[in-house]
Amino acid sequence: MTYKVAISFDRCKITSVTCGCGNKDIFYCAHVVALSLYRIRKPEQVKLRLPISETLFQMNRDQLQKFVQYLITEHHTEVLPTAQKLADDILSSNSEINQTHGAPDPTAGASIDDENCWHLDEEQVREQVKLFLSQGGYYGSGKQLNSMFAKVREMLRMRDSNGARMLTLITEQFMADPRLSLWRQQGTGMTDKCRQLWDELGALWVCVVLNPHCKLEEKSCWLRQLRKWGDMDVCPLEDGSYGNELPNITNALTQSSNHSQDSLARPRRTVFTRAMEGCDLHWQDSHLQRIISSDFYVSPSYQRDGESLLFNAQGQPLWLEHVPTACARVDALRSHGYPKEALRLTVAIINTLRLQQQRQLEIYKHQKKELLQRGATTITNLEGWVGHPLNPVGCLFLTLTEACRLEEENCLEISDAGDAKPPVYQHVPVATGCQDSGESYLSLALEVALMGMGQQRVMPEGLYAQDKVCRNEEQIIARLQELELDAVLVQTLRKQCILLLEGGPFSGLGEVIQRESVPMHTFAKYLFSALLPHDADLAYKLALRAMRLPVLETTAPSGDVTHPHHLVSVVPSRYPRWFTLGHLESQQCELASTMLTAAKGDMLRLRTVLEAIQKNIHSSSLIFKLAQDAFKIATPADSNPDTTLLNVALELGLQVMRMTLSTLNWRRREMVRWLVTCATEVGVRALLSILQNWYTLFTPTEATSIVAATVMSHNTILRLSLDYPQREELAGCARTLALQCAMKDPQNCALSALTLCEKDHIAFETAYQIVIDAATTGMTYSQLFTIARYMEHRGYPLRAFKLASLAMTHLNLAYNQDTHPAINDVLWACALSHSLGKNELAAIIPLMVKSVHCATVLSDILRRCTMTAPGLAGIPGRRNSGKLMSTDKAPLRQLLDATISAYINTTHSRLTHISPRHYGEFIEFLSKARETFLLAQDGHLQFAQFIDNLKQIYKGKKKLMMLVRERFG
């Protein structure tokens, strides 16, 4: 395809473009780029001409006529209407065209006073942003918006005045996003992806207004805009909430202290507030100008003895501004294409931070004794730098590492996995006016990251701010992990770690910290892994110090008057509103796991790590996870288990058992099973120990059905390859446990106890006696029947009979319970008694008659008793007559009478509320009743009389009585 492309440029900038391809995008189409490159590379091929007005000026009347007519002929369909209109206008004396002198010339270029800026298709920018926002973060739209932000940064770096214009267009669309008012009405927060985009927007505006070379009128114009957006009630707030979280309701209620008004009157801070504040900053300070304009700005040597606010003792310049603000200046210099200046200011900021660190260390040394006694400290940093909206730590780190990047020839190549290769850095010495400091920008980058991450800071309020702390920390650590630690960097790392450990209130790794300090687990895990190969003692000291989580360990103080706004709500609960607590606890667990893995095989180190875990981790599920991790690492598939770590796993497992013994935990069964597996790996002594101390670890049911049963299983015996005395010792322990559990909870443990004691006569007898003792009070009929059946199965029919008789006394079957689950047990008990003989049957029938009122069940029992002779079990020493039993004599006579009266009662009960659809079923029921009646000597008469009675009483149910007559006469 061939396209017509036109480009206008003015003073080395492309000021407008058109292309026939119709491609709509905020970036130039390929054809415009191709033409631009052609013009740059082959300027001689593009003929340079005078403006067309100059050429026309040289023509006479006839030539002009000819020129116009030829032009119209060439394009008559397109230009004829325009030509006609222009001709009319020119010939009309009072037309607008005749009011102005001369005529426009598009080929003449702009005049010197005209604004000249790069071409930006504003409509396109609006459309694109609107489209991406409407997709709500799907289809990679977040990525697209981020690339637009990157474009703005690129424009700023090239000092293209459109950067701010494009950002304005983007912001207008963001503010017009219909979801904003929706979120505000519903009081719901926006999605995380969306929040991050708004944060970047706010940060970009800070960058724009801090442009060191912008004009005052530009700045005031931006400020007006920012104020306008900030005043709109849909404007998102800096801390992520929509103001639906009241300004800390509990603070508002505590009238005693004077900070309640303060929290209510806290001004509303939107995502643009920092940019508005940035409009007040200027770059005119002479000290600042000298810092950024020269590497060799130092104080005169004779001034270096006294205290100075401008220089340190070495004569290097300091910059004593609020740290995040100073870092925002660095970001602005970097973003506006002043990398050298950004570096110089960064070095001054770091020198200032070092000096503050030293001074705070000195102050702390004087107060150390008192602080340690009090066991708490106030926080010296009012604002945390990690998770801060201006990302100060990240900004300094990036500025310094960018100066050290080795740009490889092929750095644009992407590796196979599709990830960009991690950057490669080299040491670049710090340019300084003082004697050679031997420092590199790379070691400064590491130092400042460690300083910032190790800063003690209060956990901010609100879910979003807390989440941001975690996210920012992870981002910085990911960057740190890209650094190859050589000797220079290791030295920096060690020095900074020692300072953090000795540090007082300014360090989150100091000896005492404030209760609501942000925990250091994630940071410490990085430090531990980085230090371990170089200085193991320091690595462990640091990681063990960081294990604490004081917010879970202590109760809130009565009130720290020095920093009232740090009382994160005086709520009655033990914890302030830490929304990310779950994440923080899992990070604490990760740190512990990393230490356990590293300490494998070193008993002393493992012992200290174990103590730290037991002291600091308060969640049973996390300790269980650690126990499992330790077990996994201790038992590799391809080599022998590590006993030191196995013992730690067991000890943690035992702690979990004690913690969850009296609380409900859905993973409890899994935990118990795992503990037995772990103890088995440790060895027979560990198993004996858990069996002997079962009551501190398990419930009786767990101890018998899971623990003892697993210990006594064939697999365990094989796994441990025990000799006979060891096997006996283990079995003896298991039996003792079984009997203790049966005493404590006969209902749930009796059967398991009997099973476990089968091989030892005395123990088995004891278990049986426990069951008999408990049978009258503490056990249900189903438990007793189960044990009775077990006894019969084991060859103790008389004991089974005794237990079945006891079970019968607990049972009560109503007339209509003909599908009751106990029916099978009753029939089994009847069969057992019948097989034992007439005496046993005579003993159980009265119990059955008393407990069972269901006619069909009774008739079933009766039928079974009359089919065969009793006593077929052949109990030794008993004679058996082999004769069938008669229903006329005891004990079956009593059963027959009971069955007949049950049929009579049931019939009356059923007739009180019977519906026609059940008539057929009822007739069948009467037929069954007749079979039973006929077993009696005068059964025939009894049944006839019974039917007559029914006809008399229920004569109102005509249809039913007709059916009765048809069947029974």
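Residues numbered from 1 in each chain as written. Predicted model: local features only at pLDDT ≥ 70, side-chain atom pairs only at ≥ 80, totals over all residues. Heavy atoms only, no water.

- The name recorded for the protein in an unreviewed UniProt entry is SWIM-type domain-containing protein, from Gopherus agassizii.

Some details on the packing of helix 20 (residues 487-502) against helix 21 (residues 521-531)
Part 1: The geometry of helix 20 relative to helix 21 is characterised by a closest axis approach of 11 Å and an angle of 135 degrees between their N-to-C directions. Taken as axis vectors, helix 20 and helix 21 run oblique relative to one another. Considering how the two elements wind past one another, helix 20 and helix 21 form a crossing that is left-handed. Taken together, the residues of helix 21 that come into contact with helix 20 (itself represented by L493, R494, C497 and L500) are F523, L527, A530 and L531.
Part 2: Looking at the contact of helix 20 with helix 21 residue by residue, the class counts come to seven nonpolar, no polar and one charged. (Axes fitted to C-alpha atoms, helices over the stretch in contact; angles between N-to-C directions. Helix = DSSP H or I, 4+ residues; strand = E, 2+ residues; numbered from the N terminus. Parallel < 35°, antiparallel > 145°, perpendicular 65-115°, else oblique. Left-handed = near helix turned anticlockwise from the far one by under 90°. Contact = heavy atoms within 4.5 Å. Nonpolar A, V, L, I, M, F, W, Y, C, P; charged D, E, K, R; others polar.)

Section: the domain arrangement of the protein
Part 1: Taken domain by domain, the protein consists of domain 1 (5-94), domain 2 (122-242 + 269-281) and domain 3 (524-552 + 581-682).
Part 2: Averaged C-alpha coordinates put domain 1 and domain 3 at centres separated by 77 Å. (Domains from an automatic or database assignment.)

Re the side chain of K219
Part 1: With respect to the element layout, K219 can be found in helix 10 (residues 216-231).
Part 2: Put simply, K219 is tucked away with no salt bridge, and the nearest opposite charge, on D280, sits 7.8 Å away.
Part 3: From its side chain, K219 meets the backbone oxygen of L281 in a polar contact 2.8 Å long.
Part 4: Once residues lying within four places of it in the same chain are set aside, the contact partners of K219 are V209, C214, G278, C279 and L281. (Buried < 20%, exposed > 50% of the residue type's maximum accessible area, 1.4 Å probe, protein only. Lys, Arg positive; Asp, Glu negative; His and termini not counted. Salt bridge = Lys/Arg side-chain N within 4 Å of Asp/Glu carboxyl O. Polar contact = N/O pair within 3.5 Å; in protein donor to acceptor, adjacent residues only side chain to side chain.)

Quick look at the packing of aromatic side chains
Part 1: Scanning the model with the defined rule gives 16 aromatic pairs in all.
Part 2: Ring geometry for F933 against F943: centres 5.3 Å apart, planes inclined by 65 degrees, an arrangement best described as edge-to-face. Here F933, found in helix 42 (residues 919-933), pairs with F943, found in helix 43 (residues 939-953); they are ten residues apart in sequence, far enough to count as distant.
Part 3: Through a chain of ring-to-ring contacts, the aromatic side chains of F149, F174, W198, W205, W229 and F272 assemble into a single cluster.
Part 4: Positioned above the aromatic ring of Y464 is the side chain of R195, whose terminal nitrogen or guanidinium carbon lies 4.4 Å from the ring centre.
Part 5: Over the aromatic face of W666 sits the side chain of R667, whose NZ or CZ is 5.9 Å from the ring centroid. (Phe/Tyr/Trp six-rings, centres within 6.5 Å; stacked < 30°, edge-to-face > 60°. Lys NZ or Arg CZ within 6 Å of the ring centre and 35° of its normal.)

Remarks on the pairing of strand 1 (residues 5-10)
Part 1: Where strand 1 meets strand 2 (residues 13-19), six bridges bridge the pair, whose relative direction is antiparallel. Among the inter-strand pairings, A6 is bridged to a residue of strand 2, identified as T18.
Part 2: Turn length for the strand 1-strand 2 hairpin, with the two strands adjacent in sequence and antiparallel, is two residues, and the turn residue R11 shows positive phi of about 50 degrees. (Pairing = 2+ DSSP bridges.)

Some points on the side chain of R799
Part 1: When you line up the elements, R799 lands in helix 37 (residues 797-809).
Part 2: Residue class for R799 comes out buried when judged on its relative accessible area of 17%.
Part 3: Not counting chain neighbours up to four residues away, the residues in contact with R799 comprise F764, E765, Y768 and M791.

Section: the environment of E921
Part 1: With respect to the helices, strands and loops of the structure, E921 is situated in helix 42.
Part 2: In this structure, the C-alpha to C-alpha distance between E921 and V609, residues 312 residues apart in sequence, is 75 Å.

As for the nonpolar core
Part 1: I170, F174, W198, F272, L596, F698 and L803 are the most contacted members of the largest nonpolar core, which totals 252 residues.
Part 2: A total of ten residues in this core trace back to one element, the largest contributor, which is helix 18 (residues 441-453).
Part 3: Of the domains in this structure, domain 2 (122-242 + 269-281) and domain 3 (524-552 + 581-682) are the two that each give at least three residues to this core.
Part 4: With residues near it in sequence (within four places) discarded, W198 still touches F174, M175, L180, M190, P236, V271 and F272. (Core = buried A, V, L, I, M, F, W, Y, C linked by side-chain atoms within 4.5 Å.)

Overview of a nonpolar patch on the surface
Part 1: Side chains of I52, F67, V68 and L71 sit close together on the surface and give an oily, nonpolar patch of about 310 Å² of accessible area.
Part 2: By residue number, the principal contributor to the nonpolar patch is helix 3 (residues 61-74), which donates three residues.
Part 3: Summarising the element assignment, L71 is placed in helix 3.
Part 4: For L71, a relative accessible area of 44% translates into the label partly exposed. (Patch = residues over 30% accessible without salt bridge, like charges linked within 9 Å, V, L, I, M, F, W, Y side chains within 5 Å. Areas by Shrake-Rupley, 256 points an atom, 1.4 Å probe, with all protein chains shown as cover.)

Comments concerning the packing of helix 9 (residues 192-209) against helix 10
Part 1: Where helix 9 contacts helix 10, the axes come no closer than 11 Å and their chain directions differ by 160 degrees. Accordingly, the angle class assigned to the pair helix 9 and helix 10 is roughly antiparallel. Note that helix 9 runs across helix 10; the crossing there is left-handed. From helix 9, W205, V208 and V209 reach across to helix 10, where they touch K219, W222, Q225, L226 and W229.

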